[in-house]
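An overview of the molecular structure
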Amino acid sequence: MRIAIDAMGGDLGPRATVRGAASAALQDSRLALRLYGPRRQLEQEISCLPRRLAAAGSRLEVVDAAGIIAPGQRPSDALRHGGHSSMAAMLEAVAAGEAAAGVSAGNTGALMALGRRALGTVADIPRPAISTAIPTRDQGRCYLLDLGANVEASAERLVDFALMGELMARHVDGLAAPRVALLNVGVEGTKGTASVREADARLRALAGLDYRGYVEGDGIFSGDVDVVVCDGFVGNAVLKASEGVARMLVARVQATFEAHWSSRLVGLLARPALRRLRGELDPVRYNGASLLGLAGIVVKSHGSADAIGFHYAVQRAVQEVRHDLPRCLAAGLVPRRSAKGRSEAVERHVSDSRILAPGRPGDDDSQQEQR
């Protein structure tokens, strides 16, 4: 299995991506990684791999791509001028079938725009969404989407996100009937924006979907639902806030045990439990967001991810390849979106009929009475 890597994305530069890719290659002997970026710079990073990762160097192929998408570059500018960038070259490899998936820690907006141009979308999805898993109670996880690809989302887009998230949880996590919810400011039916209330009504009308209604922010982590849907502005804020709280909690617990000699003694006894807690809450473990809806597998790594975090993003891409996620999305979305479209057409027809029924232009009084 070959994975294409945009080695020049991310805040920490190519060292983190190259070492993360090497670590992933060591863990999976069937994995081959193709790195896109300035050849001399990437070859230098490979030659400087730590001893524990050096054996993976022979399985890292470098493809020269001199251009780089800047962190603050606008998506429209990336579309016009980013054709020779490492990000665009990585996506073209996926589109051409030279790689089974692509991974980048670069500019999210540019990645989405270039990905749509290179790969297109499945089942005529107009707007792909970004989704990642977050930890919940009892060592579970919940998929949250959208996380920033669509700052504002109409009811129709929210329904699309719900269907894609449900299919991902079904096929990747093996859940027979993933529980889906809409993120809202309350569980009452009168609360929320017009688009959220309309999406709620549409989701309730869909057959075969285990829709649980609204969930508030604290319900994301309860383990009561498997997929939570919201617009990209809200989702990105929730994700970043939850990552910050997790880091603060781990740091506070560690500081508490180190504050006094007696607590340090207790900390020594509790070290295995603290290590498990840190591992379960560490956002690095959940690094790797799926660009759901693209007709190919592209995973977005957190821009600030270190080598360990990038390793997990590559793992996420491998997992989606093994489940052939785009094919599963296409097979599941086409009939559901067709059914959704027929239902909406019937609703419009009934609504139009009600509006016209009292009297159409040209009707006389006797005709209205007969009706």
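Structural notes, computed from the coordinates. Along every chain, residues carry numbers that run from 1 in the direction the sequence is written. Per-residue local features are limited, in this predicted model, to residues with pLDDT of at least 70; the limit for side-chain atom pairs, both in listing and counting, is 80 or more; totals at the level of whole chains, interfaces and linings are taken over all residues. Hydrogens and water molecules were not included; the side-chain quantities draw on all heavy atoms of the structure.

Strands here mean DSSP runs of E at least two residues long; helices mean DSSP runs of H or I at least four residues long; both are numbered from the N terminus. For the protein, the helix and strand inventory stands at 12 helices and 11 strands. The buried label goes to any residue with under 20% of its type's maximum accessible area, the exposed label to any with over 50%, and the partly exposed label to all in between, with areas taken from a 1.4 Å probe on protein chains only. Across the 371 residues that make up the protein, the buried fraction comes to 46%. Here, residues are in contact when the closest pair of their heavy atoms is within 4.5 Å. Intrachain contacts of the protein at a sequence separation of at least 6 include 73% that bridge at least 24 residues.

Cavities and pockets were defined on a 1 Å grid built from protein atoms only: a cavity is a group of points that admits a 1.4 Å probe but offers it no way out, a pocket is an open group of points flanked by protein on both sides within 12 Å along at least five of seven lines, and a lining residue is one with an atom within 4 Å of any such point. Grid points are joined across faces, edges and corners, and a volume is the space filled by probe spheres set on the points. Counted by the stated rule, this structure contains 3 cavities of 30 Å³ or more. Surrounding the largest cavity, S290, L291, L292, G293, L294, G296, I297, V298, E320, L325, P326 and L329 form its lining. Within the residue set of the lining of the largest cavity, elements represented by two or more residues are β10 (289-292), β11 (297-300) and α11 (325-356). Grouping the constituent residues of the lining of the largest cavity by class yields 8 nonpolar, 3 polar and 1 charged. Residue polarity is assigned by list, with Asp, Glu, Lys and Arg as charged and Ala, Val, Leu, Ile, Met, Phe, Trp, Tyr, Cys and Pro as nonpolar; anything else, Gly included, falls into the polar class.

With that settled, consider a nonpolar patch on the surface. Nonpolar side chains (Val, Leu, Ile, Met, Phe, Trp, Tyr) within 5 Å and like charges within 9 Å form the patches, drawn only from residues with over 30% relative accessible area and no salt bridge. Shrake-Rupley sampling with a 1.4 Å probe provides the accessible areas, and residues are treated as covered by the protein chains on show and by no other component. A pairing counts as a salt bridge when a side-chain nitrogen of Lys or Arg comes within 4 Å of a carboxyl oxygen of Asp or Glu. A surface patch of nonpolar side chains, about 280 Å² in accessible area, is lined by V151, F233 and V234. You can see V151 is positioned in the loop between β6 (141-145) and α6 (155-172). Judged by its relative accessible area of 48%, V151 is partly exposed.

Right, let's get into the packing of helix α4 (residues 86-95) against helix α5 (residues 108-119). Axis lines are fitted to C-alpha atoms, over the contacting stretch for helices. Their N-to-C directions set the angle, which ranges from 0 to 180 degrees. Packing of α4 against α5 brings their axes to within 9 Å, and their N-to-C directions diverge by 35 degrees. Between α4 and α5 lies a crossing of right-handed hand. Counting all contacts with α4, which are made through M87, A88, M90, L91, E92, V94 and A95, the residues of α5 involved are A110, L111, L114, G115, A118 and L119. A per-class count over the contact of α4 with α5 returns 11 nonpolar, 1 polar and 1 charged. Left-handed describes a crossing whose near helix is turned anticlockwise from the far helix through less than a right angle; right-handed describes the clockwise counterpart.

The subject of this paragraph is the pattern of salt bridges. Inspection of the entire model under this criterion finds 17 salt bridges. Ionic pairing is found between R34 and E98, a salt bridge with its closest N-O pair at 3.1 Å. Of this pair, R34 sits in strand β2 (residues 32-37) while E98 is found in the loop between α4 and β4 (101-104), placing the two residues 64 residues apart along the sequence. For R34, a relative accessible area of 12% translates into the label buried.

A strand pair is defined by DSSP finding two or more bridges across the two strands. Taken in spatial order, the 11 strands line up as β3-β2-β1-β4-β11-β10-β5-β6-β9-β7-β8 in an open sheet, and their pairing is mixed. The strands lining the two open edges of the sheet, one partner per strand, are β3 (60-64) and β8 (210-215). Taking each pair of neighbouring strands and ignoring which way they run, the sheet shows an average axis angle of 25 degrees. Where β4 and β11 come together, 4 bridges link them in parallel fashion. Along β11, the bridge assignment pairs A101 with I297. Across the sheet, helix α7 (residues 194-205) lies against β7 (179-183) and β8, angled at about 160 degrees from β8, the strand it touches most.

Before going further, it helps to examine the pairing of β7. Of all 5 residues in β7, 4 are buried; the element is thus mostly enclosed. Of the strand pairs in this sheet, β7 and β8 are connected by 4 bridges, and their pairing is parallel. Its bridge partner lying in β8, L183 is registered against V215. Once the chain exits β7 it traverses α7 before rejoining the sheet at β8, and the crossover so formed is right-handed. Pairing of β7 with strand β9 (residues 227-229), which is carried by 3 bridges, proceeds in the parallel orientation. Across the sheet, the residue bridging to A181 is V228, located in β9. We call a crossover right-handed when, viewed with both strands directed away from the observer, the connection leading from the first strand over the helix to the second proceeds clockwise.

Attention now moves to the environment of D306. Secondary-structure assignment places D306 in the loop between β11 and α10 (307-322). Assessed through its relative accessible area of 32%, D306 is described here as partly exposed. Sequence separation between D306 and G13 is 293 residues; the distance between their C-alpha atoms is 9.4 Å. Setting aside chain neighbours within four positions, we find D306 in contact with L12 and A16.

The step from L145 to D146 runs through a cis peptide bond, and the omega angle for that step is 10 degrees. Note that D146 resides in the loop between β6 and α6. Residue A123 is not a glycine yet carries a positive backbone phi of 55 degrees. Looking at where A123 falls in the secondary structure, it is placed in the loop between α5 and β5 (129-135). Backbone geometry places D124, a non-glycine residue, at a positive phi of 60 degrees. Relative to the helices and strands, D124 is located in the loop between α5 and β5. With a relative accessible area of 67%, D124 lands in the exposed category.

Here is a general trend for soluble globular proteins: nonpolar side chains tend to be buried in one another's company. By convention a nonpolar core is built from buried Ala, Val, Leu, Ile, Met, Phe, Trp, Tyr and Cys residues, the set being connected through side-chain atoms within 4.5 Å. If you look at the biggest cluster of nonpolar residues, it comprises 35 residues, and the most contacted ones within it are F161, M164, L182, L203, V229, L329 and L333. Elements represented by at least two residues in this core include exactly β5, β6, α6, β7, α7, β8, β9 and α11. It is α6 that provides the largest number of residues to this core, a total of 11 residues. Ranked by size, the runner-up nonpolar core spans 34 residues in total, among them I134, L183, A289 and L294.

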